[in-house]
Amino acid sequence: MTKTLTINGKIYPLDTKKTLLENLESQAIKIEFHCRDGHCGACRCKLLSGKVNYISYPMAYIREDDILTCCSKSQNNIKLATY
Ligand code: FES
């Protein structure tokens, strides 16, 4: 069954091999980003449900319910909201 990435209430297919940022880009969804390696925090999103695995350590300051989309992947359905 296809996994889904929901952002701001819109549902898209989730490719579990790609980062969340790459998933958003492949759906032509524009979100902020800069460094693409977990340092700047520009790609920060609020995690509404689901779980992420970081492929590199997130160095930017994030709140407890925030995630960095550039350096994380998800293996299951995930819901995000942009700031
Ligand atoms: S783009 Fe810089 S932390 Fe994600």
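What counts and how
- Residue numbers restart at each chain and count upward from 1, following the sequence in its written direction.
- Thresholds applied to this predicted model are a pLDDT of at least 70 for local features of residues and 80 or more for the giving and counting of side-chain atom pairs; totals over whole chains, interfaces and linings are not thresholded and use all residues.
- Excluding hydrogens and water, the side-chain figures rest on all heavy atoms present in the structure.
- Here, a salt bridge means any Lys or Arg side-chain nitrogen found within 4 Å of an Asp or Glu carboxyl oxygen.
- Secondary structure elements are taken from DSSP: a helix is a run of H or I of four residues or more, a strand is a run of E of two residues or more, and numbering for both begins at the N terminus.
- The criterion for strand pairing is that DSSP finds at least two bridges linking the strands in question.
- Axes here mean lines fitted to C-alpha atoms, for a helix over just the part in contact, with angles spanning 0 to 180 degrees between N-to-C directions.

By the naming in an unreviewed UniProt entry, the protein is (Fe-S)-binding protein, taken from Psychromonas marina.

(A) Fine view of the pattern of salt bridges. One pass over the structure, following the stated rule, counts 4 salt bridges. Ionic pairing is found between Lys46 and Asp65, a salt bridge with its closest N-O pair at 2.7 Å. Taken together, the residues span a long stretch of sequence, with Lys46 in strand β3 (residues 44–49) and Asp65 in the loop between β4 (53–54) and β5 (66–68) at a distance of 19 residues. Through salt bridges that share partners, Arg44, Arg63 and Asp66 make up one connected network.

(B) Structural view of the sheet that holds strand β7 (residues 78–81). A sheet is described by the order of its strands in space; here 5 strands give the open sequence β2-β1-β7-β3-β5, paired in mixed fashion. Since the sheet does not close on itself, it has two edges, and those belong to β2 (10–13) and β5, each with one partner. Direction aside, neighbouring strands of the sheet carry axes that sit 35° apart on average. Across 3 bridges, strand β1 (residues 4–7) lies against β7 in parallel orientation. From the neighbouring strand, Ile7 faces β7, where its bridge partner is Leu80.

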